[in-house]
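Descriptive analysis of the structure
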Amino acid sequence: MKRTPKETAQSARRITRRGLILGGLQLGFAGVLATRMRHMQVDQADEFRLLAEENRINIRLLPPARGRLFDREGRIIADNAPAYRITLVPEDADDVEVVVQRLAQLIELDGPAIDRALAEIRRSAAPFLPVTIADRVSWEAVSRVAVNAPALPGVAPEVGLSRYYPLGGLYAHVAGYVGPVSERDLARYEDPPPLLRIPRFQIGKVGIEFHHEETLRGRAGTKRVEVNATGRVMREIDRREGEAGGDLQLTVDNALQEYVHARLGEESASVVVMDLEHGDLLAIASAPSYDPNKFVRGISVADYGVLRENIRRPLASKTVQDAYPPGSTFKMVTALAALAAGVIGPDETVFCPGSYQVGTRTFRCWKRGGHGHMNLEASMRESCDVYYYDLALKVGIENIAAMARKLGLGSAPDIPMSAVTEGLVPDIEWKQRVRNDGWRIGDTVNVSIGQGDILTSPLQLAVMSARIATGRAISPRLVRRVDGVETESRAGEDLGLNPQHLRWVQRAMHAVMNDRRGTAYGSRIETETMLMAGKTGTAQVLNRVVKNDEVPWEERDHALFVSFAPADNPRIAVSVVVEHGGGGSAAAAPIARDVTLQALYGDTPPLDAYPSAQRTRIEAQQERLERERRLRRAAEQSRA
């Protein structure tokens, strides 16, 4: 059908309108697109440039130098030493296992080390990141690896800092040690710091290293590296070194700590020496000890087995971790409780026939024939048990327990060491709660001489002795300065004890050492200005009457001793526990006397400080200890 001119014109007009609408839409879209492009290219140019830069530049963390540990005189305890390590970039090795086996022919890599390295490589999500194969290797090993580099694709030596304990085992139980971050370490954090993700990064595991980890760790540095599309490092652009951790100055004295360890030798024993001005721990030693450097490097199964199976327990921090019945060293507590309750005076006597009857049960004195009439000073001087049995029934367990707690027993001392025990001061409420049993008179009698359920650590015994010597609530301090800032003194406030009561007990402890009938008279000091006041103790291991030399070592009684000196102007308190050492007067008191003299003189004491009959033996002992000291220091220099 042929269109009329009018219809043709109308159709043309409709096409023109559609074209205009379509063109307008196209122009509008182009305008919006142009506006958006201008906004992105001009207004947001800096933002997108930054995003592009971040895709090309990565920031890597640099481990900081760990804070060091010093003794009270500024001598090093824990340091950082340059350490060479061998790393492997898995993607650069043709065959990882083959390369590792070749490496094992050049440097010392045992089976477990190889397995550990291969497991770490398999866990690594990024094959372009280096994995540590061997740590703390020698320069000779590094040289061998460098010479054989063509046969070891992906292997490279690196240098960094690693923890080093130049004094070996002297502070193993105090400073502790560091080690690589484990999954258990990471689990302690809700959001672990990125620094802990650095391969083989070292953190504190026990002791001061653990308790002051935040201070010692420091702050990470950073470096900017250029990476390609797969994340492989192409070049380093710049770096900012981290902030080293804070240094700690401890209260201990290296020379005294060294002497104590030498004096203890291979005994299973502990010694605490406490300054009475601020509560500073001048020495705190457990023997035998172990080399913490082995843990830093990753101790072998064989070496750890030797430590774990040693009957004398070198891994145990005996000064704070172990708790023992205090034996007769507890008699000062019972005496002060009775004096405070007003049930006894210093001159009132109790007759000791060698035993004490409580109902149907007989409690015996260590001296079978008895001591006869005993007053306060005589009972402590000769360590009469019956005197304290009688006091116990007069004063009661609640008063005894309260005095024990006032003197520092039954609560964990606040020091940064691992597994610090609270010990145990039993009373009526405790026995009902823990044993679901009632308290008996016999329980009180046992506690009065430091037997039964009561338990104390060597550190608590030193605190007890310090409080008796000063009348203050003195507490132990182990860290003297943190990054140069002095920590608070722990001299303590007045305990509120009657000064006259303290003087009576102090005088009795003086008699223990300096009266011919005293149980520790053989371990006295002859120098008038340095006389000791102390108390011997023996803690039963087996509840039976048998001589110590007739049973195996592990079944013998523990030997204990506590003291302060000089007796008329106390400066230090000392506690000694010799596990399975037998009697306190024979095993523990001589050690305490020697340590006290070393601490007061600050060096090897003169022979005239000792009883004349002992000087030949003491001279030989001093020469032996000096030889051992020289050998120890030579070994330390060799390790360094």
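Structure first, text after, so check above.
The structure contained in this document is the topic of the report that follows. What you see is a predicted model; the values in this text were computed from it and never measured.

In terms of helices and strands, the chain carries 22 helices and 21 strands. Contacts spanning at least 24 positions in sequence make up 71% of the contacts within the chain whose residues lie at least 6 apart. Total accessible area computed for the chain in this model is approximately 31,100 Å², and 51% of it derives from carbon and sulfur atoms.

Inspection of every chain in the model, using the stated rule, returns 36 salt bridges. Among the ionic pairs, Arg440 bridges to Asp437, the shortest N-O distance being 2.9 Å. According to the relative accessible area criterion, Arg440 is partly exposed, its value standing at 46%. Given a relative accessible area of 27%, Asp437 falls into the partly exposed group. Linking Glu486 and Arg477 is a salt bridge whose minimum nitrogen-to-oxygen distance equals 3.5 Å. Here Glu486 falls in the partly exposed class, since its relative accessible area comes to 42%. Judged by relative accessible area, which is 3%, Arg477 ranks as buried. Several salt bridges share partner residues, and in doing so they unite Arg66, Arg163, Glu209, Glu213, Glu214 and Arg217 into one network.

Moving on, we come to the nonpolar core. Ile284 and Met380 are the most contacted members of the largest nonpolar core, which has 131 residues in total. Beyond its immediate stretch of four places on either side in the chain, Ile284 contacts Val174, Val252, Gln257, Val271, Val272, Thr319, Val320, Ile415, Met417 and Leu478. By size, the runner-up hydrophobic cluster in this structure holds 23 residues, among which are Ile86, Val99, Ile114 and Ala141.

Turning to the sheet that holds strand S21 (residues 572-578), a few remarks are in order. Sheets are built from strands paired through backbone hydrogen bonds, the pairs being either parallel or antiparallel. The strand order S12-S11-S21-S20-S19 describes an open sheet built from 5 strands, whose pairing is antiparallel. Pairing within the sheet leaves two strands with one partner each, and these edge strands are strand S12 (281-287) and strand S19 (533-539). Taking each pair of neighbouring strands and ignoring which way they run, the sheet shows an average axis angle of 5 degrees. Where S19 lies against strand S20 (residues 558-565), 7 bridges are found, and the strand directions are antiparallel. In the strand pairing of S20, Lys535 is matched with Val562. Across the sheet, helix H10 (residues 254-264) touches strand S11 (269-275) and S12, and the angle it forms with S12 is around 30 degrees.

A cluster of nonpolar side chains, namely Phe29, Leu33 and Met37, defines an oily patch on the protein surface of about 320 Å² accessible area. For Met37, the location among the structural elements is in helix H1 (residues 5-43). Judged by relative accessible area, Met37 falls into the partly exposed class, the value being 42%.

Bringing the side chain of Arg263 into the picture now. Structurally, Arg263 is set in helix H10. A residue is classified by how much of its surface remains accessible, and Arg263, at 15% relative accessible area, is buried. Dropping the residues within four chain positions of it, Arg263 is found in contact with Pro590, Ile591, Asp594, Gln621 and Leu625.

On to the state of the cysteines, then. The full count for this structure, using the stated rule, is 0 disulfides. Cysteine Cys352 remains unbridged, with the sulfur of Cys384 as its closest cysteine sulfur at 3.6 Å. Judged by relative accessible area, which is 1%, Cys352 ranks as buried.

This part is about helix H20 (residues 499-514). The terminal C-alpha atoms of H20 lie 22 Å apart, and with 16 residues this matches the ideal 22 Å at 1.5 Å per residue to within 8%. Buried residues of H20: His501, Leu502, Val505, Gln506, Ala508, Met509, Ala511, Val512 and Met513, and no others. In this structure Asn498 caps H20, since a side-chain oxygen of it lies 2.8 Å from the backbone nitrogen of Gln500.

Cut-off values and rules
- Residues numbered from 1 in each chain as written.
- Predicted model: local features only at pLDDT ≥ 70, side-chain atom pairs only at ≥ 80, totals over all residues.
- Heavy atoms only, no water.
- Helix = DSSP H or I, 4+ residues; strand = E, 2+ residues; numbered from the N terminus.
- Contact = heavy atoms within 4.5 Å.
- Areas by Shrake-Rupley, 256 points an atom, 1.4 Å probe, with all protein chains shown as cover.
- Salt bridge = Lys/Arg side-chain N within 4 Å of Asp/Glu carboxyl O.
- Buried < 20%, exposed > 50% of the residue type's maximum accessible area, 1.4 Å probe, protein only.
- Core = buried A, V, L, I, M, F, W, Y, C linked by side-chain atoms within 4.5 Å.
- Pairing = 2+ DSSP bridges.
- Axes fitted to C-alpha atoms, helices over the stretch in contact; angles between N-to-C directions.
- Patch = residues over 30% accessible without salt bridge, like charges linked within 9 Å, V, L, I, M, F, W, Y side chains within 5 Å.
- Disulfide = S-S within 2.5 Å.
- Expected span 1.5 Å × (residues − 1).
- Polar contact = N/O pair within 3.5 Å; in protein donor to acceptor, adjacent residues only side chain to side chain.

Note that every value here comes from positions in space, so none of it alone points to a role or purpose.
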